[in-house]
Amino acid sequence: MQLARVVGTVVSSRKEPNITGLKLLVVKPLDEEGRETGNALVAADAVGAGPDEVVLVAAGSSARQTEATDKRPIDLVILAIVDSWSVGNDVKYRK
Amino acid sequence: MQLARVVGTVVSSRKEPNITGLKLLVVKPLDEEGRETGNALVAADAVGAGPDEVVLVAAGSSARQTEATDKRPIDLVILAIVDSWSVGNDVKYRK
Amino acid sequence: MQLARVVGTVVSSRKEPNITGLKLLVVKPLDEEGRETGNALVAADAVGAGPDEVVLVAAGSSARQTEATDKRPIDLVILAIVDSWSVGNDVKYRK
Amino acid sequence: MQLARVVGTVVSSRKEPNITGLKLLVVKPLDEEGRETGNALVAADAVGAGPDEVVLVAAGSSARQTEATDKRPIDLVILAIVDSWSVGNDVKYRK
Amino acid sequence: MQLARVVGTVVSSRKEPNITGLKLLVVKPLDEEGRETGNALVAADAVGAGPDEVVLVAAGSSARQTEATDKRPIDLVILAIVDSWSVGNDVKYRK
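These numbers were taken from a predicted model, which means no experiment stands behind them.

Cut-offs used in this document
- Residues numbered from 1 in each chain as written.
- Chains lettered and ligands numbered in written order.
- Predicted model: local features only at pLDDT ≥ 70, side-chain atom pairs only at ≥ 80, totals over all residues.
- Heavy atoms only, no water.
- Helix = DSSP H or I, 4+ residues; strand = E, 2+ residues; numbered from the N terminus.
- Contact = heavy atoms within 4.5 Å.
- Least-squares fit on C-alpha atoms with pLDDT ≥ 70 in both.
- Salt bridge = Lys/Arg side-chain N within 4 Å of Asp/Glu carboxyl O.
- Polar contact = N/O pair within 3.5 Å; in protein donor to acceptor, adjacent residues only side chain to side chain.
- Nonpolar A, V, L, I, M, F, W, Y, C, P; charged D, E, K, R; others polar.
- Buried < 20%, exposed > 50% of the residue type's maximum accessible area, 1.4 Å probe, protein only.
- Pairing = 2+ DSSP bridges.
- Buried area = accessible area lost by both parts, 1.4 Å probe.

1. Describing the side chain of T66 of chain B
Considering the arrangement of structural elements, one finds T66 of chain B in the loop between β5 (54–59) and β6 (76–81). Those residues within four positions of T66 of chain B in sequence are excluded, and the remaining contacts are E16 and P73 of chain A together with A46 and V77 of chain B.

Shown next, in the form of structure tokens:
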């Protein structure tokens, strides 16, 4: 999984019927210091994440192992909202 | 998933029987500002996308979870045409 | 999928029994201008591709969705020989 | 698989029910000399790994092939604690 | 698949029961000229590969399609020992 920040939303009216009802959010992966790194990705939301929240995303077939995404053409899912993470003895982020 | 722009088409007459009938489009991934980033990829079209349209693509086994691509040797599918996306309060793209 | 060029062959006599009979080709991914980009990969051939031909390759579990590769430990398959591709109004390659 | 070092922990109270009870650790991939390389990732722990330990991680659908992660939306798992590794005749790491 | 060279070994006594008995080797991917490229990876051995041998590795779920790795949390397998490979008319490697 990767740490990521929710930075935006995607709206689509013409889409595969199999993704209807899913909320699609723009996320940016974070490094262990909480800095945005790499390109924006689009994830389906399985936990009710909101703007600016720090989340965990899972990719690939694992992204389909939630009730919200089961058997859907989804390759990235938000599976948790992060309360905090630490590296060594340093708390790097607290909600 | 990734934001991408449809930039071209691929024609093939000698191919695995299992992909017959699929439209294959050249797409370029986009960053959150809408700039093309990274190398061109080829995606199967599940939603009737056309040239220059901004789309969402899903990769890996998730690319086979549409009616058009089920059980086919397809590792990238266009699963939605994007109407708009926003980052923070800025609309970065509107169709 | 990715555009690629067939640049070579691999010979192996000691191998997993499950890949016996497959032709293994060295391929180089191409960008949308037809330039080689990134490292060489080795793909199983499902369509009778030959040296210097431009092909489409599919990766991951999708590489096993052909008759030639079904249930085999193959993570990259050549699934089509490309006749031509275009970007915008420019034909970038014609066989 | 990749060699990695456990560098931290992630805490989340709002998450997909399907990951409840899993310990989520921040890991950094290591090169063959034992130097951290690339971005931090988050892995589910299947072997009771602790801080600063060197571990092996498996990604993708393979990350779900442990008792701890079966059918869960987990794309990275710690599947072994490394005692030592060698390159050529040099022991590069010993616990 | 990727060409790679076996450069080392990994020893682990505390591990997921499901990988018991597998030999884990450190491999370095090779480019088409036979030069090491990218970071070291760890692969399960399905063919009895030894130090310094040039091999083919398959990644992802395809790494589980061998008798040695079936249903195991393995995301990289050595599936062949390479006798030779050629690019164009040049033999780049011969065992």
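2. With respect to the relation of the copies chain A and chain D
With an RMSD of 0.0 Å, the operation that places chain A on chain D is a rotation of 72° combined with a shift of 0.0 Å along the axis. Between the two chains, the operation in question is that of a five-fold axis. Comparing interface residues between copies, only 4% of those in chain A also sit at the interface in chain D, which points to a heterologous contact through distinct surfaces.

3. Digging into the interface of chain E and chain C
Interface size is commonly expressed as the accessible area that is lost once the parts come together. Contacts between chain E and chain C engage 28 residues on the former and 30 residues on the latter. Counting every contact that joins chain E to chain C gives one salt bridge. As a salt-bridge pair, K28 of chain C and E32 of chain E come within 2.8 Å of each other at their nearest N and O atoms. Summed over the shared surface of chain E and chain C, the result is 20 residue pairs in polar contact (both at pLDDT 80 or more). Secondary-structure elements contributing two or more residues to the side of chain E that touches chain C are β1 (2–11), β5 (54–59), β6 (76–81) and β7 (84–87) of chain E. Tallied by class, the residues present in the side of chain E that touches chain C amount to 14 nonpolar, 10 polar and four charged.

4. Points about the relation of the copies chain E and chain C
Taken as rigid bodies, chain E and chain C are interconverted by a rotation of 72° and an axial shift of 0.0 Å, the fit giving an RMSD of 0.0 Å. When the interface residues of chain E are mapped onto chain C, a mere 4% of them again fall at the interface, so the copies present different faces.

5. Some details on the pairing of strand β3 (residues 24–29) of chain B
Residues and elements named next belong to chain B. β3 sits mainly inside the fold: six of its six residues count as buried. Residues of β3 alternate between two faces, with L24, V26 and K28 on one and L25, V27 and P29 on the opposite face, all of them buried. Of the pairings in the sheet, the one linking strand β1 (residues 2–11) to β3 comprises five bridges and is antiparallel in character. If you follow T9 over to β3, its bridge partner there is L25.

6. Remarks on the arrangement of the chains
At no point do chain A and chain C touch; the closest pair of C-alpha atoms across them sits 10 Å apart. Considering only C-alpha positions, the minimal separation of the non-contacting chain B and chain E is 10 Å.

7. Quick notes on the interface of chain A and chain D
Counting from both sides, the interface comprises 28 residues of chain A and, opposite them, 30 residues of chain D. Each partner contributes to the roughly 2,200 Å² buried at the junction of chain A and chain D, and carbon and sulfur atoms together form 49% of this total. Summed over the shared surface of chain A and chain D, the result is one salt bridge. On the surface where chain A and chain D come into contact, there are 20 residue pairs in polar contact (both at pLDDT 80 or more). Of all elements in the fold, only β1 (2–11), β5 (54–59), β6 (76–81) and β7 (84–87) of chain A reach the threshold of two or more residues within the side of chain A that touches chain D. In the sheet, β6 of chain A pairs with strand β2 (residues 14–15) of chain D via two bridges, with the strands oriented antiparallel. Each residue of the ladder has a partner; that of A80 of chain A, found in β2 of chain D, is K15 of chain D.

8. Quick word on the pattern of salt bridges
Taken as a whole and judged by the stated rule, the model has 40 salt bridges over all chains. Its salt-bridge partner being K71 of chain B, residue D70 of chain B comes within 3.8 Å of it at the nearest N-O pair. With a closest N to O distance of 2.9 Å, E33 of chain E and K92 of chain E form a salt bridge. Pair noted here: E33 of chain E is in the loop between β3 (24–29) and β4 (41–45) and K92 of chain E is in strand β8 (residues 90–94), with a separation of 59 residues, a long-range link. Looking at E33 of chain E, the relative accessible area reads 37%, which means it is partly exposed.

9. So, the environment of V27 of chain A
All names here are of chain A. Tracing the backbone through its elements, the reader meets V27 in strand β3 (residues 24–29). Look at V27 and you get buried, because its relative accessible area is 1%. Along the chain, V27 and D52 lie 25 residues apart, while their C-alpha atoms are 9.2 Å from each other. Filtering out sequence-adjacent residues up to four positions away, V27 remains in contact with A4, R5, V6, V7, N39, A40, L41, A43, V57, L76 and I78.

Don't take any of this as a statement about function, it's just geometry.
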